[in-house]
Amino acid sequence: MNYLEDFYTNYDEEGRLLRQHGRVEYLTTQKYIQQVLGDSKEQRILEVGAGTGRYSIALAKEGYEVDALEYTRHNLEIMNSKIESIPNIRTHQGTALDLSRFADETFDLTMVLGPMYHLYTKEDKQQAMAEAIRVTKKGGHILVAYCMNDQTIFTYVFKMGHLWECVEKNMLTEDFLCISEEKDLFELVRLENIDELNAQFTEEIERIKIVATDGATTYMRETIDAMDEKTFEMWLKYHFTVCERMDLIGATSHSLDILRKK
């Protein structure tokens, strides 16, 4: 069974980022994409795990040359239905583990905004990172998104009452790190796990910063969605003020690691 294909066929990923609480993650990610791109539109971008094209299409409309690679055919079909009039975006079906269709040092920016959510072994994570580094130009940037562990511990395990189910199914380590398999859909990590992965590539990459892309928003979805626009703007102002604080990274639902290729 292809758990990932089945999940995204029945999940409204586009709608998630359009709802007000989802906009926090989207706007935060876009803010840092624009920071690394700067003012020049003469840059080539690869998005690995492009979903339905929310980021890739927006960047193509800004004038960047974009390649968007997506694993699930359902998401790819949705993305393709939206790009007929956009000549500077090319879509591909494939996996983060094999970017061999792209030559070494092709892209100024490589975005891996979804694949690490669904890779469960150390070897696969290293392969995805190695491929992203390989296709990125020296001096270019690599943006890697992760699902963080403790938000799930706070909400799903304790608040929603799944503690004993997770214990019985051996889904938690003694120190409450979630143990995921393909059928569980999402791989959850802590900051030290991200650091361990990066440590395998210290001669090739350096971290610029790591960001909590939704921060406390996940814990307040109903409150955020009910905010009027003026209040929501103040929430964003607060969020942007604190999203780089290292003491808050572990509690976010999604993080964004911003790396530069040496």
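Here, the structure is the one placed above.
Residues numbered from 1 in each chain as written. Predicted model: local features only at pLDDT ≥ 70, side-chain atom pairs only at ≥ 80, totals over all residues. Heavy atoms only, no water.

Here we look at the side chain of threonine 106
Mapped onto the elements, threonine 106 comes out in the loop between β3 (89-93) and β4 (107-112). In this structure threonine 106 comes out as buried when scored by relative accessible area, which is 16%. At 2.6 Å, the side chain of threonine 106 forms a polar contact with the backbone oxygen of alanine 103. Excluding residues within four positions of it along the chain, threonine 106 makes contact with Arg44, Val135 and Lys137. (Helix = DSSP H or I, 4+ residues; strand = E, 2+ residues; numbered from the N terminus. Buried < 20%, exposed > 50% of the residue type's maximum accessible area, 1.4 Å probe, protein only. Polar contact = N/O pair within 3.5 Å; in protein donor to acceptor, adjacent residues only side chain to side chain. Contact = heavy atoms within 4.5 Å.)

Regarding the pattern of salt bridges
Tallied over the full model, the rule gives 18 salt bridges. The shortest N-O distance in the salt bridge between lysine 209 and glutamate 244 comes to 3.4 Å. Taken together, the residues lysine 209 in strand β7 (residues 205-212) and glutamate 244 in the loop between α11 (229-242) and α12 (246-249) connect sequence positions 35 residues apart. Of the residues examined, lysine 209 reaches a relative accessible area of 23% and is grouped as partly exposed. (Salt bridge = Lys/Arg side-chain N within 4 Å of Asp/Glu carboxyl O.)

Observations concerning the packing of aromatic side chains
Counting across every chain of the model gives 6 aromatic pairs. A ring pair is formed by tyrosine 26 and tyrosine 55, whose centres lie 4.9 Å apart and whose planes are at 35 degrees; its orientation type is tilted. Placement of tyrosine 26 in helix α3 (residues 20-37) and of tyrosine 55 in helix α4 (residues 54-61) is noted, with a sequence separation of 29 residues between them. As far as the burial class goes, tyrosine 26 and tyrosine 55 line up, both buried. Look at phenylalanine 102 and phenylalanine 107: their rings are 5.2 Å apart centre to centre, the planes differ by 80 degrees, and that puts the pair in the edge-to-face class. With a relative accessible area of 0%, phenylalanine 107 lands in the buried category. Directly above the aromatic system of tyrosine 26 lies the positively charged group of arginine 54, at a separation of 4.0 Å from the ring centroid. (Phe/Tyr/Trp six-rings, centres within 6.5 Å; stacked < 30°, edge-to-face > 60°. Lys NZ or Arg CZ within 6 Å of the ring centre and 35° of its normal.)

Section: α11
The terminal C-alpha atoms of α11 lie 20 Å apart, and with 14 residues this matches the ideal 20 Å at 1.5 Å per residue to within 8%. Listed as buried for α11 are Phe232, Trp235, Leu236, His239 and Val242. On an axial view of α11, the arc spanned by its buried residues comes to 135 degrees, and they lie on one face. Seen from the open side of α11, the exposed residues pointing more than 90 degrees away from its buried face are Lys230, Met234, Lys237 and Thr241. On the buried face of α11, the contacting elements are α3, β7, α10 (221-226) and α12. The backbone nitrogen of lysine 230 has a side-chain oxygen 3.2 Å away, supplied by the residue at the start of α11, namely aspartate 228. (Expected span 1.5 Å × (residues − 1). Arc of directions from axis to C-beta.)

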